Amino acid sequence: MSTSSVSKGCFVFKPGSKKRKRTVAVDEYFTDGSDDCGNGRERFNICQTLWEKIKMDTEVLQEELNTKILDSLLDFIKRCTSSFQSRTDDWTSHMRASEIPTAALVLGVNVPDHDVTFQSLSELLRKSVTPFAVSVQAKECAALKNLMQKVLERLMGVGVTLEDDEEDTGIHLPHKKVSCSVSALSQWYKSMMKTRAIKSPDKTGGSENGFSQSPPIIVIFKDFEAFNPRVLQDFILICNRYIQELPFIFIFGIATSPSTIQHMLPHSVSSLLCIELFQSLPCTQHLATVIDKLILTSQFPFKLSSKVLQVLVSIFLYHDFSVRNFVKGLQLALLEHFHSQPLSVLCCGKNEALLYAQKLSHQDVEMVRQLPSFMSILKFHSMLVLNSLTEVCQRFLKDLRKYHKNYYPVLKCLHSLTSSLPKYPLGKQIRELHISCMEKNVWETNEYESAMQLLRLLAKDELVLSLRKCADILKPDKTKKMKSALQQLENYIAKFEQLDSKYFFFFFFFFFLNSTTNYFKICSSAISLLRSYLTPPELQPLNEVCYYSSSGVLRRHLNATPRTSIQTALSHPFYYLQNESLKTDAGTVSNSAPDICIAYKLHLECGRLINLFDWLEAYATVTSAAEGKDPDSEDFGKVDELKHARFIQAVSELEFLGFVKSTKQKTDHVARLTWGGC
């Protein structure tokens, strides 16, 4: 559906079948006119399969990473639930009974990732602890009455009446409404417990669905820092009055620090809470796990170049720390690669890739010959003729797969050796080492040489331990080269162990006087064993098939620059509208352009203050030319009501976008707010 407005805005349309339309749009994205090889359908299917694999693997990984903290939370809530049911008359129990059990869940500043954690937590609680678990957010709880209303509605499943319900909320639910008060919640909870007792008369302290006889009421505050402190204080005070009747448990979702509780709640309120702290994994550790499972593996055929990976990591580190958004960026890179690279049909499993390679058409083969990595091969192997290229492609695809199988284990070995060295010469994170290896021959860098010198200075036991870790990394791999490398590495370890410990320090000292010592030879050979497998991927034939390298395109998609986009649209409307009549030379705008574009171009020719009447006359002159009027006629440039209205609308839109504003200096002028381009 289209609108008549030129400027961007918010419009509400009746929702349709969104899921189906989206699928068709993505399908057409691969099979449009840019499909040079006619394999758009195959690329779309492969891309969709890999997309779903990323999504599924990420969800499984998220569940695994959240398991520990969710289990700890579950144990805490179960302990609190049992304490509700086994209260005694001693002083300690009495004091604890007057406090609301509260879990301070510190999740970190990666706010976009919190929703997945809270969703898993809510499902786990409703499944194994209590059916009475609700979540609230600050944006829907601006006042105490809103917070009370949300909690009661989500617990009781009915509409809640406020005193000014008809004026403020306008909520009209088909169910019976109750008053918005904790006393009403208490009555409802007692009636629910009586109903449960009649249905499940179990005297052993449990029920048929695994819940306790008095399941707790859990309220999850997803974004604790964003709540109004006064609203939280009043809510806690009210709930505390009913703690003997209602088994409340609070969960505070904290993004910054546990000290936030002290800043938001005075001692008179925080003393009513029995707080226990729970800390989730750091988001950087979560990212490292995602990179290890999705990127640093030979099981996933799609790869990122060093610059693309740097773009995604920099957005993660300097914008939102969101692993969820990092994965979205990975999926976007996947989509762009399969759309822009016709030969990406070969970026799939081993058997499928070889099958597609056998079916390469004449046009496909020509595109293979034009790949930079393949052209470099032709310089030395000119005998590769057109008819044999299909077999050559199959061989190169096999070699590329073997390269990845050897590269990643050796990369992890080198990281294991160097990550514990002082000052981390090759980087603390494995992604940093991976980027270095992809950019150039890492052993030719000063950082690599520094790392090797530090490794040679390690004590024998430390070096043997590091080499054993490398051997453990190589053991699961079954390729011939990795088996051979493992055997050589174990031989070097055996030679180190043969060095007598009491003579080792002599060798270590003598190293500075004579570098042909046994220790130096063995150490250098053991370390150099790995580097032959770490050649940059750009040296591998057909690497363009699976490596996405358009970092600029990805950056433009992920790093939105609204001002640049708006100025481009106003200065060059053809860029977005693709209307041939709007094509002009650089620095000019067609007189048939939208009104806002004409007004924007004219305002660029003015100074700090713009005379509205002069601006209107200039606008009328341009639009008269667009209407085809004779420049010598009396009507040319004349301002009529229609042009006046169009001009006012254009100026209003420019004011809305922040280019001009009204000024008190001169009532018939506006002030210009922007200067220069982006």
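If you're wondering where the values come from, they're calculated on a predicted model, not measured in any experiment.

Rules and cut-offs
Residues numbered from 1 in each chain as written. Predicted model: local features only at pLDDT ≥ 70, side-chain atom pairs only at ≥ 80, totals over all residues. Heavy atoms only, no water. Phe/Tyr/Trp six-rings, centres within 6.5 Å; stacked < 30°, edge-to-face > 60°. Helix = DSSP H or I, 4+ residues; strand = E, 2+ residues; numbered from the N terminus. Buried < 20%, exposed > 50% of the residue type's maximum accessible area, 1.4 Å probe, protein only. Patch = residues over 30% accessible without salt bridge, like charges linked within 9 Å, V, L, I, M, F, W, Y side chains within 5 Å. Areas by Shrake-Rupley, 256 points an atom, 1.4 Å probe, with all protein chains shown as cover. Salt bridge = Lys/Arg side-chain N within 4 Å of Asp/Glu carboxyl O. Lys, Arg positive; Asp, Glu negative; His and termini not counted. Charge placed at Lys NZ, Arg CZ, Asp CG, Glu CD. Expected span 1.5 Å × (residues − 1). Core = buried A, V, L, I, M, F, W, Y, C linked by side-chain atoms within 4.5 Å. Contact = heavy atoms within 4.5 Å. Axes fitted to C-alpha atoms, helices over the stretch in contact; angles between N-to-C directions. Parallel < 35°, antiparallel > 145°, perpendicular 65-115°, else oblique. Pairing = 2+ DSSP bridges.

Description of the packing of aromatic side chains
Link 1 in the chain: On inspection of all chains with the given rule, the structure shows 19 aromatic pairs.
Link 2 in the chain: Seen in terms of ring centroids, Phe132 and Trp188 are 5.4 Å apart; in terms of plane orientation they differ by 70°. Their pairing is edge-to-face. Pair noted here: Phe132 is in the loop between α4 (114–128) and β2 (133–136) and Trp188 is in helix α7 (residues 182–199), with a separation of 56 residues, a long-range link. Considered together, Phe132 and Trp188 belong to a single accessibility category, that of buried residues.
Link 3 in the chain: Residues Tyr600 and Phe659 carry aromatic rings whose centres are separated by 5.2 Å and whose planes lie at 70° to one another, so their mutual orientation is edge-to-face. Linking Tyr600 in helix α27 (residues 595–604) with Phe659 in the loop between α29 (641–657) and β11 (660–662), this pair joins segments that are 59 residues apart in sequence. Like Phe659, Tyr600 is buried.
Link 4 in the chain: Through pairs of rings, three or more aromatic residues link up here, namely Phe221, Phe224, Phe227, Phe235, Phe248, Phe250 and Phe252.

Looking at the environment of Cys274
Link 1 in the chain: With respect to the secondary-structure elements, Cys274 resides in strand β7 (residues 273–279).
Link 2 in the chain: Assessed through its relative accessible area of 23%, Cys274 is described here as partly exposed.
Link 3 in the chain: Separated by 174 residues in the primary sequence, Cys274 and Ile100 have C-alpha atoms spaced 5.8 Å apart.

Focus: a positive patch on the surface
Link 1 in the chain: A surface patch of positive charge is lined by Lys350, Lys398, Lys402, Lys405, Lys480 and Lys481.
Link 2 in the chain: At the level of secondary structure, the elements contributing two or more residues to the positive patch comprise α17 (389–418) and α21 (480–498).
Link 3 in the chain: By residue number, the principal contributor to the positive patch is α17, which donates three residues.
Link 4 in the chain: Structurally, Lys481 can be placed in helix α21.

Let's talk about helix α5 (residues 144–156)
Link 1 in the chain: For α5, with 13 residues, the first-to-last C-alpha span of 18 Å sits near the 18 Å given by 1.5 Å per residue.
Link 2 in the chain: Among the residues making up α5, those that are buried are Asn146, Leu147, Met148, Gln149, Val151, Leu152, Glu153, Leu155 and Met156.
Link 3 in the chain: Residue Gly157 follows α5 closely and has a positive phi angle near 70°.

Examining unusual backbone geometry
Link 1 in the chain: Even without glycine at this site, Phe321 takes up a positive phi of about 55°.
Link 2 in the chain: Within the secondary structure, Phe321 is located in the loop between α12 (306–320) and α13 (323–340).
Link 3 in the chain: Among the residues examined, Phe321 registers a relative accessible area of 27% and is labelled partly exposed.

Considering the nonpolar core
Soluble globular proteins tend to bury their nonpolar side chains together.
Link 1 in the chain: Within the largest apolar cluster, 99 residues are counted, with the highest numbers of intra-cluster contacts made by Phe302, Leu304, Phe326, Leu534 and Leu542.
Link 2 in the chain: Considering every element that reaches this core, the biggest residue donor is α17, with 14 residues.
Link 3 in the chain: If sequence neighbours within four positions are ignored, Leu534 has contacts with Tyr407, Val410, Leu411, Leu414, Cys437, Val442 and Trp443.

Quick word on the packing of α27 against α29
Link 1 in the chain: It is at 9 Å that the axes of α27 and α29 come closest, and there the two elements cross at 70°. Compared by their axis directions, α27 and α29 come out roughly perpendicular. Each of Asp595, Ile596, Ala599 and Tyr600 in α27 lies in contact with α29, whose residues at this interface are Arg646, Ala650, Glu653, Leu654 and Leu657.

Some words on a negative patch on the surface
Link 1 in the chain: Taken together, the side chains of Glu52, Glu59, Glu63, Glu64 and Glu123 make up a negatively charged region of the molecular surface.
Link 2 in the chain: At four residues, the largest contribution of residues to the negative patch is made by helix α2 (residues 40–85).
Link 3 in the chain: Relative to the elements of secondary structure, Glu52 occurs in helix α2.

Some thoughts on the sheet that holds β7
Link 1 in the chain: The sheet built from five strands is open, its strands ordered β2-β5-β6-β1-β7 with parallel pairing. The sheet is open, and its two borders are formed by β2 and β7, each paired with just one other strand. Across the sheet, the axes of successive neighbouring strands diverge by a mean angle of 20°, strand direction being ignored.
Link 2 in the chain: Both strand β5 (residues 217–221) and strand β6 (residues 248–254) contribute to a ladder of five bridges, which runs parallel. Bridge pairing links Ile220 to Ile251 in β6.
Link 3 in the chain: Strands β1 (100–106), β2, β5 and β6 of the sheet are contacted by α4, whose axis makes an angle of about 180° with β5.
Link 4 in the chain: Sitting on the sheet, helix α8 (residues 229–241) touches β1, β5, β6 and β7, and the angle it makes with β6 is about 160°.

So, the sheet that holds β11
Link 1 in the chain: Spatial ordering of the open sheet is given by β10-β12-β11, a layout of three strands whose pairing is antiparallel. Looking at the sheet topology across the chains shown, the edges are occupied by β10 (609–611) and β11. Each strand axis lies, on average, 40° off the axis of its neighbour in the sheet, ignoring direction.
Link 2 in the chain: Pairing of β11 with strand β12 (residues 669–672) involves three bridges; the strand directions are antiparallel. The residue bridging Lys661 from the neighbouring strand is Ala671, located in β12.
Link 3 in the chain: Lying over the sheet, helix α28 (residues 612–626) contacts β10, β11 and β12, oriented at roughly 60° with respect to β10.

A look at the pattern of salt bridges
Link 1 in the chain: Counting across every chain of the model gives eleven salt bridges.
Link 2 in the chain: Its salt-bridge partner being Asp292, residue Lys412 comes within 3.3 Å of it at the nearest N-O pair. Of the two residues, Lys412 is situated in helix α17 and Asp292 in helix α11 (residues 283–294); the sequence distance between them amounts to 120 residues.
Link 3 in the chain: Notably, a salt bridge pairs Arg646 with Asp595, separated by 2.8 Å at the nearest N-O pair. Here Arg646 is found in helix α29, whereas its partner Asp595 is found in helix α27, with 51 residues between them in sequence.

A short note on the pairing of β2
Put simply, side chains in a regular strand alternate between the two faces of the sheet.
Link 1 in the chain: Alternating positions in β2 separate into two faces, Ala133 and Ser135 on one and Val134 and Val136 on the other, with burial throughout.
Link 2 in the chain: Pairing analysis gives four bridges linking β2 to β5, with the strands arranged parallel. Across the sheet, Ala133 pairs through a bridge with Ile218, a residue of β5.

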